[in-house]
Amino acid sequence: MFDNLLFQNSSDLLEQDILSNSLPGAILLAGNPASGKLTCALELARILSCTAEKKGEWMCECPSCRQHKSLTFSGILLTGPRDCILEISAAKKTFLQAVIEKAPYLNASRYLFLRSIRKLTLRFNSILWEGNSDLAKIAAITSVIDEKLEELDFPRELPASDELAKICDALEKKCMELESDFMYDSIPIMQIRNASSWAHISSVTGKKVIIIENADRMLEGVRNALLKILEEPPADTVFILTTTNRNAVMPTILSRVRTYNFAERTAVQQAQVIERVFHSNCNFTIERYLQEFLPIPPGAIREQAVKFMSVIAASKVPDIDEICKACGKFSIKIVLKLFLKDCLLQTKPLFKSAAGTATVQEVSSALRLCLDNVLIYKQSPQAALEQLVRELLKINSMRQGILSCMNS
């Protein structure tokens, strides 16, 4: 079991609970980003629905396992915010390279690419989005993605290399559009309600699984809606929650789940994961490796953040148009996240004062609000950054006022 989950002892604990029939109806996978929590959740869903006598083998050919491998099993719902596009781009490179080289891992890389895309599209299942005004727009995109995926899915023969590359590029572009326009930063309450209704429908495929990623990033109303179904979960449904911050999960939710902790992999282990999954030799962390597929290099993003904060620290207004242009208009939201993260790192060296701690907290709050304005309230990145400039200039003005009083 859990052959694809590397360097995590939690897989042994899960296997013991499965074999002893003591796995609870709701669990929480907690650990650092890129520690394998979603891989584990998807594997657990496959194992629970496997119809073979010996459950859990990755090479199992039962109908359920074949569907799970390509993430087309109907008895699973996946929700929660996630940046998927970089993994899709990395998987595309691995897949196309395997085709060109006729590599022995071709089938594995084919699954990798298919699954990377469906980790995104599963979040836009019509069951979850029922009643949402964006459903028709989302369906128009996902239908195109599904049609193109059929051309690559097993057991179909792959197209010629040139045609295959065009299909992969088109899929990557459509996925970027779907993620940029419709991915949320906080799970909509309607999705929890829709998932709850679905959970109560009798299943003919065995155990149903609802995976809720980044369960710590839920508003109070959403948490309460989730808590309601966790109090009386249907017998044939398993809830798998994941989080990178267990302390941010509501205590009443924690009391209703069993936690499996995921350790932070060492740098060597992460390099081994990259080699096994993406067949690339490097000394990067997984997060750093995926950033190689950003449309703007991480160093260029950092350079813009340094320039932005330096101008603010000098009590001047930065050129937002120029910054947006240099950062690809922040069309990929992870670019904005990295930009704001780099801005925060510049606070201490640029805003030096006896009130430094308070200043960092204020800047951090302003940066968080900027991100929320884009991800939650759908403000344009340019408008959000213009508002951020006003807030940071106000903070800097107050800082200078404090310094003036201290020096007088």
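Everything numeric here is computed off the predicted structure, so don't read it as measured data.

1. Some points on the nonpolar core
Logical step 1: By size, the foremost hydrophobic cluster in this structure holds 98 residues, and its most contacted members are F308 and F339.
Logical step 2: Sorting elements by how many residues they give to this core places helix α4 (residues 85-101) first, with eight residues.
Logical step 3: Dropping the residues within four chain positions of it, F308 is found in contact with P318, I320, I323, F339, C343, L388, V389 and L392.
Logical step 4: Of all hydrophobic cores here, the second largest spans 26 residues; its members include L5, I18, L44 and I211.

2. Section: the packing of α4 against helix α8 (residues 161-182)
Packed helices, taken two at a time, are described by the angle between their axes plus the distance between the axes.
Logical step 1: Where α4 contacts α8, the two axes come as close as 10 Å, and the packing angle between them is 175 degrees. What the angle tells us is that α4 and α8 run roughly antiparallel. Residues I85, I88, S89, K92, F95, L96 and V99 of α4 lie in contact with α8, whose contacting residues are S161, L164, A165, C168, D169, E172, C175, M176 and E179.
Logical step 2: Residue composition of the contact of α4 with α8, by class: 10 nonpolar, two polar and four charged.

3. What to know about the packing of aromatic side chains
Logical step 1: Taken as a whole and judged by the stated rule, the model has eight aromatic pairs.
Logical step 2: Here F95 and F113 contribute two aromatic rings whose centre-to-centre distance is 5.7 Å and whose plane-to-plane angle is 20 degrees, an arrangement assigned as stacked. Here F95 is found in helix α4, whereas its partner F113 is found in helix α5 (residues 106-121), with 18 residues between them in sequence.
Logical step 3: Take F113: its relative accessible area is 0%, and that puts it in the buried class.
Logical step 4: Ring geometry for F124 and W129: centres 5.3 Å apart, planes at 20 degrees, overall stacked. Of the two residues, F124 and W129, neither departs from the other in class, the shared state being buried.
Logical step 5: One aromatic cluster is present, formed by F124, W129 and Y184 through successive ring pairs.

4. Quick look at the sheet that holds strand β4 (residues 237-243)
Logical step 1: With parallel pairing, five strands are arranged side by side in an open sheet as β2-β3-β4-β1-β5. In this open sheet, the two strands that pair with only one neighbour each are β2 (76-79) and β5 (258-262). Sheet twist, expressed as the average angle between the axes of neighbouring strands with direction ignored, equals 15 degrees.
Logical step 2: Sheet topology places strand β3 (residues 208-212) next to β4; five bridges connect them, and they run parallel. Note that in β4 the partner of I211 across the bridge is I240.

The rules behind these values
- Residues numbered from 1 in each chain as written.
- Predicted model: local features only at pLDDT ≥ 70, side-chain atom pairs only at ≥ 80, totals over all residues.
- Heavy atoms only, no water.
- Core = buried A, V, L, I, M, F, W, Y, C linked by side-chain atoms within 4.5 Å.
- Buried < 20%, exposed > 50% of the residue type's maximum accessible area, 1.4 Å probe, protein only.
- Helix = DSSP H or I, 4+ residues; strand = E, 2+ residues; numbered from the N terminus.
- Contact = heavy atoms within 4.5 Å.
- Axes fitted to C-alpha atoms, helices over the stretch in contact; angles between N-to-C directions.
- Parallel < 35°, antiparallel > 145°, perpendicular 65-115°, else oblique.
- Nonpolar A, V, L, I, M, F, W, Y, C, P; charged D, E, K, R; others polar.
- Phe/Tyr/Trp six-rings, centres within 6.5 Å; stacked < 30°, edge-to-face > 60°.
- Pairing = 2+ DSSP bridges.

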